[in-house]
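# Fold and geometry: a report
One-letter residues, chain by chain:
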Amino acid sequence: MATAAAPRTDRTPADGAPGATADTAAHQHAFDTAVAAEERIEPRDWMPDAYRATLVRQIAQHAHSEIIGMQPEANWITRAPSLRRKAILMAKVQDEAGHGLYLYSAAETLGTSREELLDKLHSGRQKYSSIFNYPTLTWADVGAIGWLVDGAAITNQVPLCRCSYGPYARAMVRICKEESFHQRQGYELLLALSKGTPEQHAMAQDAVDRWWWPSLMMFGPPDDSSQHSAQSMEWKIKRHSNDELRQRFVDIAVPQAESLGLTLPDPDLKWNEERGHHDFGAIDWTEFKEVLKGNGPCNEQRITQRRRAHDEGAWVREAAAAHAAKHAGSTGRTGATRA
Ligand SMILES: [Fe+2]
Ligand SMILES: [Fe+2]
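Thresholds applied
Per chain, residue numbering runs from 1 following the sequence as it is written. Chains carry letters from A onward and ligands carry numbers from 1 onward, assigned in written order. Only residues with pLDDT of at least 70 get local features here, since the model is predicted, and only at 80 or more are side-chain atom pairs given and counted; chain-wide, interface and lining totals rely on the full set of residues. Only heavy atoms go into the side-chain values, all of them from the structure, while hydrogens and water stay out. Donor atoms (N, O, S) are those found within 2.8 Å of the metal centre, with the cutoff raised to 3.2 Å for Na, K and Ca; water is not part of the atom list, so apparent gaps in a site can occur. A site with four donors is called tetrahedral when every donor-metal-donor angle falls between 85 and 135 degrees; four donors are called square planar, and six octahedral, when opposite donors sit more than 155 degrees apart and all other angles fall between 65 and 115; any other arrangement is irregular. By definition, any uninterrupted DSSP run of H or I lasting at least four residues is a helix, any uninterrupted run of E lasting at least two residues is a strand, and each is numbered from the N terminus. The axes used here are C-alpha line fits, helices contributing only the stretch in contact, and every angle between their N-to-C directions lies in the interval 0 to 180 degrees. Throughout, the term roughly parallel applies to angles under 35 degrees, roughly antiparallel to angles over 145, roughly perpendicular to angles from 65 to 115, and oblique to all others. Definitions for this section: a left-handed crossing has its near helix turned counterclockwise from the far helix by less than a right angle. A right-handed crossing has that turn clockwise. Only Asp, Glu, Lys and Arg are considered charged in this grouping, and only Ala, Val, Leu, Ile, Met, Phe, Trp, Tyr, Cys and Pro are considered nonpolar; every other residue, Gly among them, is considered polar.

## Some points on the coordination of the iron ion (ligand 2)
- In the first shell of the iron ion (ligand 2), the protein supplies Glu96 (OE), Asp150 (OD), Glu179 (OE) and His182 (ND1), at 2.0 to 2.2 Å from the metal.
- Classification of the site at the iron ion (ligand 2) rests on its four donor atoms, whose angles at the metal span 86 to 161°, yielding the label irregular.
- Counting along the primary sequence, the residues that act as donors to the iron ion (ligand 2) give the motif E-x53-D-x28-E-x2-H.
- Separation of the iron ion (ligand 2) from the iron ion (ligand 1) amounts to 3.3 Å, with Glu96 serving as a shared donor to the pair. You can see Glu96 sitting in helix α4 (residues 83-108) and its partner Asp150 sitting in helix α6 (residues 140-157), a full 54 residues away along the chain.

## Some words on the packing of α4 against helix α7 (residues 166-194)
- Closest axis-to-axis distance for the α4/α7 pair is 10 Å, and the angle between their directions is 160°. What the angle tells us is that α4 and α7 run roughly antiparallel. The interaxial crossing formed by α4 with α7 has left-handed handedness.
- Residues of the contact of α4 with α7, tallied by class, amount to 13 nonpolar, three polar and nine charged.

## Description of the environment of Glu244
- Within the fold, Glu244 resides in helix α10 (residues 242-260).
- For Glu244 and Pro222, which are 22 residues apart along the polypeptide, the C-alpha to C-alpha distance reads 9.6 Å.

Function cannot be read off these values alone, since they describe shape.
Written out as structure tokens, the structure reads:
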């Protein structure tokens, strides 16, 4: 396994540092060689502009998804049916805030500030996962999100632990451990409902009916229409195609649905002996594109709430900045650059 490498010193420093005028071809060669050898690219290493831009776009979208993703489930914290369920849900939602923090920090190592990324989120110039634009209508949705949405996230994110960019890969290791807990709590919640009263079972089934297809869309467009995939795979940011990951998720979910005693809402879902995988029905990409365009059930509500939370948290950021400035003054350090 390619372990988390310490920052390399044998590659030429990034732009602006001494040596930046050296031959770009040599830099590119060193970068390509490192990626091919499964070494990690670290913040101070030279990297192609497009690689940096792709990482910023992907990590920012990922970070935004973590913090927007707190909303649909936080909606149920006050109505959790028991103290135990409330404690689990609060821990889960707090984990998602932590994931956002690790990821914004990883993006900062690429030279973008958290403020700039949040501004892009709030003004609609950067996206978050469309899955969070669906409403959580019942308590069972908390279970379906944990089982399916966090389950899909794990399928997507485990290969990112081997991403060529060091800070992103290392953030993903911890995130994936926490996502496993999220998936298990969702599964266990759905199992309790499924084995409960007929009304509880029906509630669990209804939630799975609504979340199944949006979960499959989380893997992104089909490979033949995915604009970023090929280059990202070449750079070893991505390790598997959207369709491969989607198939892997379906194959994992089918036996789990059986154990839960719930049905996945797809009449075309069946085992294909020849392929060694489950076949599944066609995804409604029109719906996906509509939600992506901002016309999902909760797009407006999510971003309004996010902006409000940001505004209401201004005093915390100001206090933290004042504290950091005071601390830097007392220790003679001037390292604090984040507002
Ligand atoms: Fe997360
Ligand atoms: Fe999660």
